[in-house]
Amino acid sequence: MKVSLNDTVTVRLTPHGAGIYCKWVMPEGQGYRPTPLDRARVDGGATRWQLWELMQVFGPHVGNGALNPFVGMSITVGAGA
């Protein structure tokens, strides 16, 4: 399966993931960071992203032993995303 960084993906954020996103959008002392991320919600409270954007926001927070930013650490890729 070939995946482009521009592909649309869908994830459900955990409370920890929502906190990461909030800190990314509004870093302390820097005001609001313009972003298209008043995320389009899809069924079940999931959020839709371009893959590159998901990596930009959450990449530094994903690793062995880290708290999960996504429910089940699942990312849905493709047209159904």
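Structure report, in brief. Given the structure is predicted, the values throughout are model-derived calculations rather than measurements.

Take the overall build of the protein next. Helix and strand counts for the protein stand at two helices and four strands. Along its sequence from the N terminus, the protein presents helices and strands in the succession β-α-β-β-α-β. The buried share among the 81 residues of the protein stands at 30%. Partitioning the contacts of the protein with sequence separation of at least 6, the portion at a separation of at least 24 is 68%. Surface accessibility of the protein: about 5,400 Å² in total, with carbon and sulfur atoms responsible for 56%.

This paragraph deals with a nonpolar patch on the surface. Among the surface-exposed residues, Leu5, Trp52 and Met55 lie close enough to one another that they form a single nonpolar patch of about 300 Å² accessible area. Along the chain, Met55 falls in helix α2 (residues 51–58).

Our focus in this paragraph is the packing of helix α1 (residues 15–25) against α2. For the pair α1 and α2, interaxial distance at closest approach is 10 Å and the crossing angle is 90 degrees. In terms of orientation, α1 and α2 fall into the roughly perpendicular class. Two secondary-structure elements touch here, α1 through Gly17, Ile20, Tyr21 and Trp24 and α2 through Gln56, Val57 and Phe58.

So, about the pairing of strand β1 (residues 8–11). Residues in a regular strand project their side chains so that they alternate between the two faces of the sheet. Bridge count between β1 and strand β3 (residues 46–50): four bridges; the pairing is antiparallel. Among the inter-strand pairings, Thr10 is bridged to a residue of β3, identified as Arg48. Note that β1 and strand β4 (residues 76–77) share two bridges and pair antiparallel. Residue Val9 lies in a different strand from β4, and its bridge partner there is Val77.

A few words on α1. Along α1, the residues that are buried comprise Gly17, Ile20, Tyr21, Trp24 and Val25. Taken down its axis, α1 places every buried residue within 130 degrees of arc, on the same side. The exposed set on the far side of α1, more than 90 degrees from its buried face, consists of Pro15 and Lys23.

Counted according to the given criterion, the structure contains three aromatic pairs. Summarising the aromatic geometry, the rings of Trp49 and Phe58 are spaced 5.3 Å apart at their centres and angled 75 degrees between planes, so their arrangement reads as edge-to-face. Measuring from ring centre to ring centre gives 5.2 Å for Phe58 and Phe70, while their planes differ by 70 degrees; the resulting arrangement is edge-to-face. Residue Phe58 is found in helix α2, and its partner Phe70 is found in the loop between α2 and β4; the two are separated by 12 residues along the sequence. You'll find Phe58 and Phe70 in the same group, each marked buried. Ring pairs connect the aromatic residues Tyr21, Trp49, Phe58 and Phe70, which therefore count as one cluster.

Conventions used here
- Residues numbered from 1 in each chain as written.
- Predicted model: local features only at pLDDT ≥ 70, side-chain atom pairs only at ≥ 80, totals over all residues.
- Heavy atoms only, no water.
- Helix = DSSP H or I, 4+ residues; strand = E, 2+ residues; numbered from the N terminus.
- Buried < 20%, exposed > 50% of the residue type's maximum accessible area, 1.4 Å probe, protein only.
- Contact = heavy atoms within 4.5 Å.
- Areas by Shrake-Rupley, 256 points an atom, 1.4 Å probe, with all protein chains shown as cover.
- Patch = residues over 30% accessible without salt bridge, like charges linked within 9 Å, V, L, I, M, F, W, Y side chains within 5 Å.
- Salt bridge = Lys/Arg side-chain N within 4 Å of Asp/Glu carboxyl O.
- Axes fitted to C-alpha atoms, helices over the stretch in contact; angles between N-to-C directions.
- Parallel < 35°, antiparallel > 145°, perpendicular 65-115°, else oblique.
- Pairing = 2+ DSSP bridges.
- Arc of directions from axis to C-beta.
- Phe/Tyr/Trp six-rings, centres within 6.5 Å; stacked < 30°, edge-to-face > 60°.

All quantities given are derived from atomic positions and should not be read as evidence of function.
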